[in-house]
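# Working through the structure, step by step
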Amino acid sequence: MRTVLLVASLLVATTAHAEEAAVDFIADAKLYYRVVACKGSDAIPATIDAPTVEKHCAEMAKRYERFNEKYVTPAQAFFAQLRPATTPTTIVYPFGGGDLASALVTYPDAKEITTISLEHAGDPTRLAKLEKKSQLNNSLAAYRAAIYGLLTLNDSTSENMRKLERGGIPGQLSFHITGMTALGFEPVALRFITLEPDGAVHYLTSAEIEALAPKKAKKVKGGWVDTDFSEAYSHMELTFRKAGDPKAPLIVHRHFAANLANKAFKDSPFHKHLLAKGKFSAITKAASYLLWSDNFKQIRELLLANMAWMASDSTGIPPRDAKKAGFTQITYGSFTAPFLEEADKSTGEAMAKLWASQPRRKLPFRYGYPDGASNLHLMITQPAEAKP
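Residues numbered from 1 in each chain as written. Predicted model: local features only at pLDDT ≥ 70, side-chain atom pairs only at ≥ 80, totals over all residues. Heavy atoms only, no water.

### Some thoughts on the overall build of the protein
Looking only at helices and strands, one finds 14 helices and ten strands in the protein. Evaluated residue by residue, the protein yields a buried proportion of 57% over its 388 residues. Across the protein, contacts joining residues at least 24 apart in sequence account for 75% of those joining residues at least 6 apart. Counting only carbon and sulfur atoms, one obtains 52% of the accessible surface of the protein, whose full area is about 16300 Å². (Helix = DSSP H or I, 4+ residues; strand = E, 2+ residues; numbered from the N terminus. Buried < 20%, exposed > 50% of the residue type's maximum accessible area, 1.4 Å probe, protein only. Contact = heavy atoms within 4.5 Å. Areas by Shrake-Rupley, 256 points an atom, 1.4 Å probe, with all protein chains shown as cover.)

### Some remarks on the layout of surface pockets
Approximately 160 Å³ is the volume found for the second largest pocket. Lining the second largest pocket, in full, are Lys30, Tyr33, Gly40, Ser41, Asp42, Glu186, Pro187, Val188 and Arg241. For the lining of the second largest pocket, the secondary-structure elements that each account for two or more residues are helix H3 (26-36) and strand E3 (185-195). Among the elements that line the lining of the second largest pocket, the one with the most residues is E3, at three residues. For the lining of the second largest pocket, the per-class residue count stands at three nonpolar, two polar and four charged. (1 Å grid on protein atoms, 1.4 Å probe; cavity = no way out; pocket = protein on both sides within 12 Å on 5 of 7 lines; lining within 4 Å. Points joined across faces, edges and corners; volume = space filled by probe spheres on them. Nonpolar A, V, L, I, M, F, W, Y, C, P; charged D, E, K, R; others polar.)

### Side note on the packing of helix H6 (residues 133-153) against helix H8 (residues 171-182)
For the pair H6 and H8, the least separation of the axes is 11 Å and the interaxial angle reads 50°. It follows from the interaxial angle that H6 and H8 lie oblique. For the pair H6 and H8, the crossing hand works out as right-handed. Counted together, Tyr143, Ala146, Ile147, Leu150 and Leu151 of H6 and Ser174, Phe175 and Thr178 of H8 form the full contact between these two elements. Residue classes in the contact of H6 with H8 are distributed as six nonpolar, two polar and no charged. (Axes fitted to C-alpha atoms, helices over the stretch in contact; angles between N-to-C directions. Parallel < 35°, antiparallel > 145°, perpendicular 65-115°, else oblique. Left-handed = near helix turned anticlockwise from the far one by under 90°.)

### Considerations on the side chain of Thr347
On the secondary structure map, Thr347 appears in helix H14 (residues 345-356). A relative accessible area of 0% means that Thr347 is categorised as buried. A distance of 2.7 Å separates polar atoms of two side chains, one belonging to Thr347 and the other to Asp344. Among residues more than four places away in sequence, those in contact with Thr347 are Trp292, Pro318 and Arg320. (Polar contact = N/O pair within 3.5 Å; in protein donor to acceptor, adjacent residues only side chain to side chain.)

### Topic: the packing of aromatic side chains
Aromatic ring pairs: the centre-centre distance and the angle between the two ring planes describe each pair. Applying the stated criterion to the full structure yields 21 aromatic pairs. Through pairs of rings, three or more aromatic residues link up here, namely Phe67, Tyr71, Phe78, Phe79, Tyr332, Phe365 and Tyr367. Between the NZ or CZ atom of Lys242 and the centre of the ring of Phe185, over which it lies, the distance is 4.3 Å. (Phe/Tyr/Trp six-rings, centres within 6.5 Å; stacked < 30°, edge-to-face > 60°. Lys NZ or Arg CZ within 6 Å of the ring centre and 35° of its normal.)

### Considerations on the packing of helix H4 (residues 50-82) against H8
The interhelical angle for the contact between H4 and H8, taken along N-to-C directions, is 60°, at an axis separation of 11 Å. In the crossing of H4 with H8, the sense of the turn from one axis to the other is right-handed. Here Met60, Tyr64, Phe67 and Asn68 of H4 lie close against H8, whose contacting residues are Thr178, Thr181 and Ala182. Considered class by class, the residues forming the contact of H4 with H8 number four nonpolar, three polar and no charged.

### Some details on the side chain of Arg300
The residue Arg300 is located in helix H12 (residues 297-306) in this model. For Arg300, a relative accessible area of 3% gives the class buried.

Structure below.
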(Lines give C-alpha, C1' and ligand atoms only; values in the text may rest on other atoms or scores of the structure.)
Protein backbone atom coordinates (compact mmCIF):
# COMPACT_ATOMS: atom_id res chain seq x y z
CA MET A 1 0.00 0.00 0.00
CA ARG A 2 1.12 3.48 -0.68
CA THR A 3 1.79 4.77 2.81
CA VAL A 4 0.25 7.98 3.95
CA LEU A 5 3.43 9.43 5.44
CA LEU A 6 4.67 12.85 4.50
CA VAL A 7 7.35 12.91 1.84
CA ALA A 8 10.94 13.28 2.99
CA SER A 9 11.02 16.99 2.30
CA LEU A 10 8.21 17.56 4.76
CA LEU A 11 10.05 15.78 7.54
CA VAL A 12 12.54 18.63 7.66
CA ALA A 13 9.91 21.34 7.89
CA THR A 14 10.73 24.17 10.25
CA THR A 15 9.29 24.44 13.74
CA ALA A 16 7.20 27.36 12.54
CA HIS A 17 5.69 25.17 9.84
CA ALA A 18 5.04 22.37 12.33
CA GLU A 19 3.14 24.78 14.57
CA GLU A 20 1.16 26.29 11.71
CA ALA A 21 -2.57 25.65 11.79
CA ALA A 22 -4.10 23.09 9.47
CA VAL A 23 -5.73 24.49 6.35
CA ASP A 24 -9.53 24.43 6.42
CA PHE A 25 -11.08 24.29 2.95
CA ILE A 26 -14.57 25.03 4.24
CA ALA A 27 -15.17 27.71 1.59
CA ASP A 28 -14.53 25.10 -1.11
CA ALA A 29 -16.69 22.54 0.70
CA LYS A 30 -19.56 25.03 0.83
CA LEU A 31 -19.14 25.70 -2.88
CA TYR A 32 -19.49 21.96 -3.57
CA TYR A 33 -22.50 21.90 -1.26
CA ARG A 34 -24.16 24.73 -3.20
CA VAL A 35 -23.11 24.06 -6.81
CA VAL A 36 -22.59 20.28 -7.02
CA ALA A 37 -24.82 18.90 -4.26
CA CYS A 38 -27.37 21.71 -4.82
CA LYS A 39 -28.22 22.65 -1.26
CA GLY A 40 -27.78 25.76 0.86
CA SER A 41 -28.65 29.36 0.14
CA ASP A 42 -25.24 30.90 -0.55
CA ALA A 43 -25.05 33.04 -3.65
CA ILE A 44 -23.40 31.42 -6.64
CA PRO A 45 -20.09 33.20 -7.36
CA ALA A 46 -20.18 35.53 -10.34
CA THR A 47 -17.44 33.48 -12.02
CA ILE A 48 -19.67 30.37 -12.13
CA ASP A 49 -22.49 30.25 -14.69
CA ALA A 50 -25.72 30.27 -12.68
CA PRO A 51 -28.03 28.90 -15.42
CA THR A 52 -25.77 25.87 -15.81
CA VAL A 53 -25.95 25.27 -12.07
CA GLU A 54 -29.74 25.70 -12.05
CA LYS A 55 -30.12 23.13 -14.82
CA HIS A 56 -27.86 20.72 -12.97
CA CYS A 57 -29.71 21.21 -9.69
CA ALA A 58 -33.10 20.57 -11.31
CA GLU A 59 -31.81 17.15 -12.33
CA MET A 60 -30.29 16.54 -8.90
CA ALA A 61 -33.61 17.34 -7.21
CA LYS A 62 -35.24 14.47 -9.12
CA ARG A 63 -32.46 12.11 -8.11
CA TYR A 64 -32.63 13.08 -4.45
CA GLU A 65 -36.37 12.49 -4.45
CA ARG A 66 -35.98 9.00 -5.85
CA PHE A 67 -33.01 8.21 -3.61
CA ASN A 68 -34.94 9.14 -0.49
CA GLU A 69 -38.11 7.35 -1.55
CA LYS A 70 -36.51 4.11 -2.74
CA TYR A 71 -33.58 3.85 -0.36
CA VAL A 72 -33.16 6.29 2.52
CA THR A 73 -36.68 6.10 3.98
CA PRO A 74 -37.21 2.30 3.83
CA ALA A 75 -33.61 1.51 4.80
CA GLN A 76 -33.62 3.78 7.84
CA ALA A 77 -36.87 2.20 9.06
CA PHE A 78 -35.45 -1.27 8.44
CA PHE A 79 -32.20 -0.73 10.35
CA ALA A 80 -33.94 1.08 13.20
CA GLN A 81 -35.67 -2.21 14.08
CA LEU A 82 -32.46 -4.27 13.90
CA ARG A 83 -29.66 -2.12 15.24
CA PRO A 84 -28.86 -2.73 18.94
CA ALA A 85 -29.07 0.33 21.19
CA THR A 86 -25.45 -0.25 22.21
CA THR A 87 -24.08 -0.19 18.66
CA PRO A 88 -20.79 1.79 18.62
CA THR A 89 -21.01 5.20 16.96
CA THR A 90 -17.57 4.78 15.39
CA ILE A 91 -18.10 3.33 11.90
CA VAL A 92 -15.59 1.59 9.61
CA TYR A 93 -16.53 1.05 5.95
CA PRO A 94 -13.89 -0.86 3.96
CA PHE A 95 -14.25 -0.71 0.18
CA GLY A 96 -16.66 2.18 0.74
CA GLY A 97 -15.63 4.50 -2.06
CA GLY A 98 -17.92 7.51 -2.34
CA ASP A 99 -20.65 5.96 -0.19
CA LEU A 100 -20.90 8.10 2.93
CA ALA A 101 -24.67 8.05 2.39
CA SER A 102 -25.03 4.34 3.21
CA ALA A 103 -22.98 4.70 6.37
CA LEU A 104 -25.38 7.44 7.51
CA VAL A 105 -28.46 5.45 6.48
CA THR A 106 -27.27 2.37 8.36
CA TYR A 107 -25.91 4.22 11.39
CA PRO A 108 -27.80 7.54 11.80
CA ASP A 109 -26.26 8.10 15.25
CA ALA A 110 -22.69 7.87 13.92
CA LYS A 111 -20.16 10.29 15.37
CA GLU A 112 -17.09 9.17 13.41
CA ILE A 113 -17.09 7.45 10.02
CA THR A 114 -14.09 6.05 8.14
CA THR A 115 -14.40 5.07 4.49
CA ILE A 116 -11.59 3.35 2.62
CA SER A 117 -11.17 2.80 -1.11
CA LEU A 118 -8.54 2.94 -3.83
CA GLU A 119 -9.64 6.42 -4.88
CA HIS A 120 -8.19 9.69 -3.60
CA ALA A 121 -10.28 12.45 -2.04
CA GLY A 122 -9.49 15.07 -4.70
CA ASP A 123 -8.48 18.69 -5.09
CA PRO A 124 -11.20 20.89 -3.50
CA THR A 125 -10.03 24.08 -5.23
CA ARG A 126 -10.84 23.04 -8.79
CA LEU A 127 -14.55 23.77 -8.80
CA ALA A 128 -14.00 27.48 -8.19
CA LYS A 129 -11.67 27.57 -11.19
CA LEU A 130 -14.28 26.25 -13.66
CA GLU A 131 -15.03 29.74 -14.91
CA LYS A 132 -15.88 28.82 -18.50
CA LYS A 133 -19.46 27.70 -19.02
CA SER A 134 -18.34 24.75 -21.14
CA GLN A 135 -15.91 23.56 -18.46
CA LEU A 136 -18.55 23.73 -15.76
CA ASN A 137 -21.19 22.08 -17.90
CA ASN A 138 -18.91 19.21 -18.93
CA SER A 139 -17.66 18.65 -15.38
CA LEU A 140 -21.17 18.62 -13.89
CA ALA A 141 -22.34 16.27 -16.64
CA ALA A 142 -19.45 13.88 -15.90
CA TYR A 143 -20.28 14.03 -12.21
CA ARG A 144 -23.97 13.26 -12.81
CA ALA A 145 -23.07 10.33 -15.05
CA ALA A 146 -20.70 8.95 -12.43
CA ILE A 147 -23.02 9.41 -9.46
CA TYR A 148 -26.00 7.86 -11.24
CA GLY A 149 -25.30 4.48 -9.65
CA LEU A 150 -25.08 5.86 -6.12
CA LEU A 151 -28.38 7.73 -6.33
CA THR A 152 -30.17 5.05 -8.36
CA LEU A 153 -28.69 1.70 -7.29
CA ASN A 154 -27.45 2.88 -3.86
CA ASP A 155 -23.79 2.10 -4.62
CA SER A 156 -21.09 2.99 -7.15
CA THR A 157 -19.05 0.96 -9.59
CA SER A 158 -15.27 1.01 -9.66
CA GLU A 159 -15.46 2.24 -13.24
CA ASN A 160 -17.43 5.32 -12.20
CA MET A 161 -15.02 5.98 -9.35
CA ARG A 162 -12.00 5.80 -11.66
CA LYS A 163 -13.51 8.30 -14.09
CA LEU A 164 -13.44 11.07 -11.49
CA GLU A 165 -9.86 10.53 -10.34
CA ARG A 166 -9.12 13.34 -12.78
CA GLY A 167 -10.91 16.47 -13.90
CA GLY A 168 -12.70 19.46 -12.47
CA ILE A 169 -14.94 17.68 -9.95
CA PRO A 170 -13.07 14.88 -8.12
CA GLY A 171 -15.15 11.84 -7.26
CA GLN A 172 -14.63 11.06 -3.61
CA LEU A 173 -14.97 14.64 -2.41
CA SER A 174 -18.06 15.31 -4.51
CA PHE A 175 -19.70 11.94 -3.77
CA HIS A 176 -19.20 12.22 -0.02
CA ILE A 177 -20.55 15.77 0.08
CA THR A 178 -23.52 14.62 -1.99
CA GLY A 179 -24.15 11.70 0.37
CA MET A 180 -23.99 13.99 3.37
CA THR A 181 -26.36 16.41 1.65
CA ALA A 182 -28.87 13.70 0.72
CA LEU A 183 -29.22 12.84 4.41
CA GLY A 184 -29.85 16.45 5.44
CA PHE A 185 -26.40 17.59 6.60
CA GLU A 186 -24.23 20.62 5.85
CA PRO A 187 -20.42 20.93 5.86
CA VAL A 188 -18.63 22.61 8.76
CA ALA A 189 -14.96 21.92 7.99
CA LEU A 190 -12.81 20.23 5.34
CA ARG A 191 -9.19 19.40 6.01
CA PHE A 192 -6.66 17.11 4.40
CA ILE A 193 -4.68 14.59 6.40
CA THR A 194 -1.91 12.03 6.48
CA LEU A 195 -1.07 9.43 9.11
CA GLU A 196 1.94 9.33 11.38
CA PRO A 197 3.87 6.03 11.62
CA ASP A 198 1.84 5.09 14.71
CA GLY A 199 -1.46 5.73 12.89
CA ALA A 200 -2.24 9.11 14.47
CA VAL A 201 -3.94 11.68 12.25
CA HIS A 202 -1.80 14.58 11.02
CA TYR A 203 -3.52 17.67 9.55
CA LEU A 204 -1.75 19.29 6.61
CA THR A 205 -0.65 22.91 6.92
CA SER A 206 -0.38 25.38 4.06
CA ALA A 207 3.40 24.88 3.98
CA GLU A 208 3.01 21.14 3.69
CA ILE A 209 0.35 21.44 0.99
CA GLU A 210 2.60 23.81 -0.93
CA ALA A 211 5.55 21.41 -0.64
CA LEU A 212 3.44 18.55 -2.00
CA ALA A 213 1.96 20.57 -4.87
CA PRO A 214 4.41 19.30 -7.56
CA LYS A 215 3.86 15.66 -6.57
CA LYS A 216 0.80 14.09 -8.18
CA ALA A 217 -1.15 11.44 -6.27
CA LYS A 218 -0.41 8.05 -7.80
CA LYS A 219 -2.62 4.98 -7.95
CA VAL A 220 -2.46 2.81 -4.84
CA LYS A 221 -3.02 -0.41 -6.77
CA GLY A 222 -2.02 -1.63 -10.21
CA GLY A 223 -4.80 -1.39 -12.76
CA TRP A 224 -6.26 1.76 -11.24
CA VAL A 225 -5.44 5.27 -12.47
CA ASP A 226 -3.08 8.03 -11.44
CA THR A 227 -4.69 11.34 -10.54
CA ASP A 228 -3.94 14.74 -12.02
CA PHE A 229 -4.00 16.51 -8.64
CA SER A 230 -1.58 16.88 -5.76
CA GLU A 231 -0.74 14.10 -3.33
CA ALA A 232 -1.80 16.51 -0.58
CA TYR A 233 -5.42 15.81 -1.52
CA SER A 234 -5.30 12.04 -1.10
CA HIS A 235 -7.02 11.72 2.29
CA MET A 236 -9.66 14.04 3.71
CA GLU A 237 -11.55 14.83 6.89
CA LEU A 238 -15.04 16.27 6.39
CA THR A 239 -16.90 17.54 9.44
CA PHE A 240 -20.64 18.15 9.14
CA ARG A 241 -23.87 18.58 11.10
CA LYS A 242 -27.61 18.69 10.51
CA ALA A 243 -28.37 21.53 8.13
CA GLY A 244 -29.64 24.71 9.71
CA ASP A 245 -28.90 23.68 13.30
CA PRO A 246 -25.70 25.28 14.70
CA LYS A 247 -26.16 23.36 17.94
CA ALA A 248 -26.40 19.93 16.27
CA PRO A 249 -23.62 17.46 17.14
CA LEU A 250 -20.67 17.34 14.75
CA ILE A 251 -19.94 14.20 12.75
CA VAL A 252 -16.40 13.52 11.53
CA HIS A 253 -15.91 11.59 8.31
CA ARG A 254 -12.46 10.56 7.11
CA HIS A 255 -11.79 9.06 3.72
CA PHE A 256 -8.50 7.28 3.02
CA ALA A 257 -7.11 6.18 -0.31
CA ALA A 258 -5.62 2.84 0.67
CA ASN A 259 -5.00 -0.65 -0.65
CA LEU A 260 -6.41 -3.16 1.85
CA ALA A 261 -4.66 -6.21 0.37
CA ASN A 262 -2.53 -8.06 2.95
CA LYS A 263 0.93 -6.96 1.86
CA ALA A 264 0.04 -3.27 1.66
CA PHE A 265 -2.18 -3.20 4.74
CA LYS A 266 -0.43 -5.34 7.38
CA ASP A 267 1.37 -3.23 10.02
CA SER A 268 0.92 -0.07 7.95
CA PRO A 269 0.05 3.28 9.58
CA PHE A 270 -3.50 2.77 8.36
CA HIS A 271 -3.68 -0.69 9.97
CA LYS A 272 -2.56 0.90 13.24
CA HIS A 273 -5.06 3.72 12.79
CA LEU A 274 -7.97 1.28 12.58
CA LEU A 275 -6.73 -0.79 15.50
CA ALA A 276 -6.60 2.31 17.69
CA LYS A 277 -10.35 2.80 17.28
CA GLY A 278 -11.17 -0.13 19.54
CA LYS A 279 -14.69 -1.50 19.07
CA PHE A 280 -16.57 -0.14 16.09
CA SER A 281 -19.58 -0.81 13.89
CA ALA A 282 -18.95 -1.94 10.32
CA ILE A 283 -20.52 -1.87 6.90
CA THR A 284 -19.52 -3.10 3.47
CA LYS A 285 -21.38 -3.73 0.24
CA ALA A 286 -20.69 -4.12 -3.47
CA ALA A 287 -17.12 -4.92 -2.42
CA SER A 288 -16.14 -7.28 -5.28
CA TYR A 289 -16.15 -10.22 -2.82
CA LEU A 290 -12.67 -9.19 -1.67
CA LEU A 291 -13.37 -10.18 1.95
CA TRP A 292 -13.81 -13.75 0.71
CA SER A 293 -10.19 -13.82 -0.49
CA ASP A 294 -7.10 -14.85 1.46
CA ASN A 295 -5.43 -11.83 -0.14
CA PHE A 296 -7.54 -9.70 2.20
CA LYS A 297 -7.19 -11.85 5.29
CA GLN A 298 -5.67 -9.06 7.39
CA ILE A 299 -8.57 -6.61 7.03
CA ARG A 300 -11.04 -9.47 7.46
CA GLU A 301 -9.38 -10.51 10.72
CA LEU A 302 -9.27 -6.92 11.95
CA LEU A 303 -13.01 -6.61 11.36
CA LEU A 304 -13.75 -9.86 13.18
CA ALA A 305 -11.59 -8.85 16.14
CA ASN A 306 -12.95 -5.33 16.54
CA MET A 307 -16.43 -4.97 15.08
CA ALA A 308 -19.48 -5.15 17.31
CA TRP A 309 -22.09 -5.31 14.54
CA MET A 310 -21.97 -5.33 10.74
CA ALA A 311 -24.41 -4.75 7.91
CA SER A 312 -23.45 -6.04 4.46
CA ASP A 313 -24.56 -7.76 1.33
CA SER A 314 -23.02 -11.14 0.52
CA THR A 315 -19.62 -9.47 -0.07
CA GLY A 316 -19.24 -9.31 3.70
CA ILE A 317 -17.66 -11.87 6.04
CA PRO A 318 -17.73 -15.52 4.85
CA PRO A 319 -19.83 -17.80 7.10
CA ARG A 320 -16.88 -20.00 8.10
CA ASP A 321 -14.91 -17.01 9.42
CA ALA A 322 -17.89 -15.40 11.13
CA LYS A 323 -18.80 -18.58 12.99
CA LYS A 324 -15.21 -19.25 14.04
CA ALA A 325 -14.94 -15.73 15.49
CA GLY A 326 -18.13 -16.11 17.53
CA PHE A 327 -20.58 -14.33 15.24
CA THR A 328 -23.93 -15.36 13.87
CA GLN A 329 -25.34 -14.15 10.54
CA ILE A 330 -28.97 -13.28 9.89
CA THR A 331 -30.11 -13.15 6.27
CA TYR A 332 -32.67 -11.02 4.42
CA GLY A 333 -33.95 -11.35 0.88
CA SER A 334 -32.62 -14.20 -1.27
CA PHE A 335 -29.17 -15.35 -2.33
CA THR A 336 -28.44 -18.21 -4.73
CA ALA A 337 -25.04 -17.38 -6.23
CA PRO A 338 -22.56 -14.49 -6.43
CA PHE A 339 -23.22 -11.55 -8.72
CA LEU A 340 -19.67 -11.72 -10.12
CA GLU A 341 -18.42 -14.90 -11.79
CA GLU A 342 -14.89 -14.49 -10.42
CA ALA A 343 -16.05 -14.76 -6.79
CA ASP A 344 -14.74 -17.73 -4.82
CA LYS A 345 -16.96 -20.70 -5.67
CA SER A 346 -16.83 -22.49 -2.30
CA THR A 347 -17.67 -19.31 -0.36
CA GLY A 348 -20.50 -18.61 -2.79
CA GLU A 349 -21.91 -22.06 -2.08
CA ALA A 350 -21.58 -21.47 1.67
CA MET A 351 -23.44 -18.19 1.33
CA ALA A 352 -26.24 -19.85 -0.64
CA LYS A 353 -26.45 -22.54 2.05
CA LEU A 354 -26.63 -19.86 4.76
CA TRP A 355 -29.60 -18.16 3.09
CA ALA A 356 -31.32 -21.50 2.41
CA SER A 357 -30.98 -22.47 6.10
CA GLN A 358 -33.01 -19.50 7.30
CA PRO A 359 -36.58 -18.33 6.72
CA ARG A 360 -36.93 -15.79 3.93
CA ARG A 361 -37.11 -12.32 5.45
CA LYS A 362 -38.37 -9.42 3.38
CA LEU A 363 -35.93 -6.78 2.15
CA PRO A 364 -37.62 -3.64 0.75
CA PHE A 365 -34.56 -1.97 -0.83
CA ARG A 366 -31.33 -2.78 -2.64
CA TYR A 367 -28.23 -2.95 -0.46
CA GLY A 368 -25.12 -3.56 -2.56
CA TYR A 369 -25.06 -6.23 -5.25
CA PRO A 370 -28.04 -8.35 -6.20
CA ASP A 371 -27.21 -12.05 -6.38
CA GLY A 372 -26.55 -13.97 -9.59
CA ALA A 373 -30.30 -14.23 -10.20
CA SER A 374 -30.93 -10.49 -9.53
CA ASN A 375 -32.34 -11.14 -6.03
CA LEU A 376 -31.94 -8.39 -3.42
CA HIS A 377 -30.23 -9.54 -0.25
CA LEU A 378 -28.57 -8.35 2.95
CA MET A 379 -27.07 -9.91 6.05
CA ILE A 380 -26.34 -8.84 9.59
CA THR A 381 -23.23 -10.22 11.28
CA GLN A 382 -23.43 -9.91 15.06
CA PRO A 383 -22.16 -11.65 18.20
CA ALA A 384 -23.72 -15.10 18.53
CA GLU A 385 -25.20 -14.32 21.94
CA ALA A 386 -27.03 -11.26 20.64
CA LYS A 387 -30.72 -11.52 19.74
CA PRO A 388 -31.86 -10.89 16.14
